[in-house]
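A look at the structure
Here are the chains, one letter per residue:
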Amino acid sequence: MEATAKLRNVPTSPRKMRLVADMVRGQKVTRALGLLKFEANSGAARVEKLLLSALANWQQHNEDERIEDANLYIKEIFVDEGRQLKRLRPAPQGRGHRIRKRSNHVTLVIDTKVERLGSKAATQKAAETKTTEANAEAKPKTTRRSSAKKSTETKAEATA
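What comes next is a walk through the structure. Predicted, not measured: the structure shown is a model, and the values here were computed from it.

Points about the nonpolar core
Leu51, Ile74, Ile77 and Ile110 are the most contacted members of the largest nonpolar core, which has 26 residues in total. Within the residue set of this core, elements represented by two or more residues are strand S1 (3-10), helix H1 (14-24), helix H2 (29-37), helix H3 (42-61), strand S2 (72-81) and strand S5 (104-112). Considering each element in turn, this core owes the most residues, 7 residues, to H3. Apart from residues no more than four positions distant in its own chain, Ile77 is found in contact with Ala21, Val24, Arg25, Val47, Val106, Thr107 and Leu108.

Topic: the pattern of salt bridges
This structure, assessed with the given rule, holds 6 salt bridges. For the salt bridge of Arg66 with Asp69, the shortest nitrogen-to-oxygen distance reads 3.5 Å. What you see here is one network of salt bridges that share partners, running through Glu2, Lys75 and Asp111.

A word on the packing of H2 against H3
Close contact between H2 and H3 brings their axes to 9 Å; oriented N to C, the two are set at 155 degrees. As the angle between them shows, H2 and H3 are arranged roughly antiparallel. Along this stretch, H2 crosses H3, giving a crossing that reads as left-handed. Of H3, the residues touching H2 (which contributes Val29, Ala32, Leu33, Leu36 and Lys37) are Ala44, Val47, Glu48, Leu51, Leu52 and Leu55. Among the residues forming the contact of H2 with H3, the class breakdown is 9 nonpolar, no polar and 2 charged.

What counts, and where the lines are drawn
Residues numbered from 1 in each chain as written. Predicted model: local features only at pLDDT ≥ 70, side-chain atom pairs only at ≥ 80, totals over all residues. Heavy atoms only, no water. Core = buried A, V, L, I, M, F, W, Y, C linked by side-chain atoms within 4.5 Å. Buried < 20%, exposed > 50% of the residue type's maximum accessible area, 1.4 Å probe, protein only. Helix = DSSP H or I, 4+ residues; strand = E, 2+ residues; numbered from the N terminus. Contact = heavy atoms within 4.5 Å. Salt bridge = Lys/Arg side-chain N within 4 Å of Asp/Glu carboxyl O. Axes fitted to C-alpha atoms, helices over the stretch in contact; angles between N-to-C directions. Parallel < 35°, antiparallel > 145°, perpendicular 65-115°, else oblique. Left-handed = near helix turned anticlockwise from the far one by under 90°. Nonpolar A, V, L, I, M, F, W, Y, C, P; charged D, E, K, R; others polar.

Here you go:
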């Protein structure tokens, strides 16, 4: 089940925001949150907040599931150009240069990743569950040296 969140009229240029969007596209949600938290780009904080909003939307639609068990990833993220505020800046000799203050709209879609049965990740996950079940059932082994082995080692040390 997918969830969507939109952020509209963000006062940064779409080009700068696309750098952040490209960084997290296709990533798992937990990894994307970690990347965005420590990214220096100003758009990262806004995308992080948007991702948290999408998570809350997903949680609202799937109340019976846990976020940690859902295997969520960023299915789609795109940045569209918003409106431009056009301003004039004084220039030499009585002229005026036009300044375009750009804005953008960000749309984020998260979804659960379902692994195919024959995939490498699915077989690895199945192997991990088998080993944890086997470890839980098995009794811990204690390794002890036999007394015969100890006596031969002490004789060898004594002759040397």
